[in-house]
Amino acid sequence: MATYHKVGAVALALVVAMSPAGLERLKSREALRTTAYADPYYGWSVATICYGRTLNVKQGDTATKQQCEAWLKQDVARHCRLVYDALLGTNIWLTQGEQDAYCDFAYNLGKFKGTDSVYGRLLAHDDYGACMGLLRYYFSNGKPSRGLWERRYEQYNICISQLDVRYNPRVTYKGVP
């Protein structure tokens, strides 16, 4: 288990953060580009730079490697915060594998809350179903993307990597008391 840490005598605090290994996987998927480029599916309407940064990017922008590294840390923290905010008060505990997968997913998609196949299943305490829900998000601009499918498949495998493979006690299984 990960995610909840003692703060004082009784309270628990939710923590959602990407591991160093998760950050390296994200970097290898996004690749470093120090000159702004057009999104392969959306063109210049989604100008991108560095490791997939789209915030306030426009055609012609350039960045240093150091600036890209700093932006990456800020962007990952911002997207992990989306996961954190969505789960705050739900008493849902995440493994580090789930944290890495959901932070990467939010980073790539730009949101976490509102993804019924992932967030909705997680709220229903269906950990496996939520991980499987990642596999539904492989379209970009209405078109299937092999790159997104491979990324979602990797996220799925990371997501389930630390879940109990025998039984999920939070889900009612047919015929199981």
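Residues numbered from 1 in each chain as written. Predicted model: local features only at pLDDT ≥ 70, side-chain atom pairs only at ≥ 80, totals over all residues. Heavy atoms only, no water.

Remarks on the overall build of the protein chain
- From N to C terminus, the protein chain includes 6 helices and 6 strands.
- Reading the protein chain from its N terminus to its C terminus gives the helix and strand order β-β-α-β-β-α-α-α-α-β-β-α.
- Of all 177 residues assigned to the protein chain, the portion counted as buried reaches 42%.
- Pairs at least 24 apart in sequence give 57% of the contacts found in the protein chain among residues at least 6 apart.
- For the protein chain, the accessible area works out to roughly 10000 Å², and carbon and sulfur atoms hold 55% of it. (Helix = DSSP H or I, 4+ residues; strand = E, 2+ residues; numbered from the N terminus. Buried < 20%, exposed > 50% of the residue type's maximum accessible area, 1.4 Å probe, protein only. Contact = heavy atoms within 4.5 Å. Areas by Shrake-Rupley, 256 points an atom, 1.4 Å probe, with all protein chains shown as cover.)

Re the pairing of strand β3 (residues 33–39)
- Of the strand pairs in this sheet, β3 and strand β4 (residues 43–50) are connected by 4 bridges, and their pairing is antiparallel. Bridging from a neighbouring strand, alanine 38 pairs with alanine 47 of β4.
- Counted along the chain from β3 to the antiparallel partner β4, the turn is 3 residues long. (Pairing = 2+ DSSP bridges.)

Concerning the pattern of salt bridges
- For the structure shown, the criterion picks out 11 salt bridges.
- Through salt bridges with shared partners, a single network forms among Glu24, Lys27 and Glu69. (Salt bridge = Lys/Arg side-chain N within 4 Å of Asp/Glu carboxyl O.)

Regarding unusual backbone geometry
- The phi dihedral of alanine 31 is positive, around 65°, even though this residue is not glycine.
- Tracing the backbone shows alanine 31 in the loop between α1 (20–30) and β3.

Quick notes on the state of the cysteines
- Throughout the structure, instances matching the rule amount to 3 disulfides.
- Residue pairing for cysteine 80: its cysteine sulfur links by disulfide to cysteine 103, the two sulfurs lying 2.3 Å apart. Looking down the S-S bond of the cysteine 80 and cysteine 103 bridge, the torsion is 135°, so its handedness is right-handed. Pair noted here: cysteine 80 is in helix α2 (residues 65–87) and cysteine 103 is in helix α3 (residues 96–109), with a separation of 23 residues, a long-range link. Both residues of the pair, cysteine 80 and cysteine 103, count as buried.
- The connectivity of the disulfides in the protein chain is 1-2, 3-4, 5-6, where the numbers refer to bonded cysteines in sequence order. (Disulfide = S-S within 2.5 Å.)

Here's the deal with α3
- For α3, built from 14 residues, the straight-helix expectation of 20 Å at 1.5 Å per residue is met to within 8% by its first-to-last C-alpha distance of 20 Å.
- Of all the 14 residues making up α3, 11 are buried; the element is thus mostly covered by neighbouring parts of the structure.
- Among the residues of α3, those classed as buried are Gly97, Glu98, Gln99, Asp100, Ala101, Tyr102, Cys103, Asp104, Phe105, Ala106 and Tyr107.
- Each element contacted by the buried residues of α3 is listed here: α1, α2, α4 (116–123), α5 (127–133) and α6 (146–160).
- Note on α3: the residue one or two positions beyond its end, glycine 110, has a positive phi of about 90°. (Expected span 1.5 Å × (residues − 1).)

A few points about the confidence of the model for the protein chain
- In this model, the protein chain carries an average pLDDT of 88, and 85% of its residues clear a pLDDT of 70 or more.
- Of the regions scoring below 50 in pLDDT, residues 1–12 engages in 26 contacts with residues more than four places distant in sequence or in other chains. (pLDDT = per-residue confidence, 0-100.)

Some points on the nonpolar core
- Counting 38 residues, the largest nonpolar core has Val83, Leu94, Tyr102, Phe112 and Leu122 as the members making the most contacts within it.
- When residues of this core are traced back to their parent elements, those giving at least two are β4, α2, α3, α4, α5 and α6.
- Here this core takes 8 residues from α2, the largest share from any one element.
- Contact partners of tyrosine 102, with chain neighbours within four places excluded, come to Val83, Leu94, Phe112, Val118, Leu122, Asp127, Ala130, Cys131, Leu134 and Cys159. (Core = buried A, V, L, I, M, F, W, Y, C linked by side-chain atoms within 4.5 Å.)

Focus: the environment of glutamate 150
- With respect to the helices and strands, glutamate 150 occurs in helix α6.
- Judged by relative accessible area, which is 33%, glutamate 150 ranks as partly exposed.
- Sequence separation between glutamate 150 and arginine 29 is 121 residues, and the spatial gap between their C-alpha atoms is 9.8 Å.

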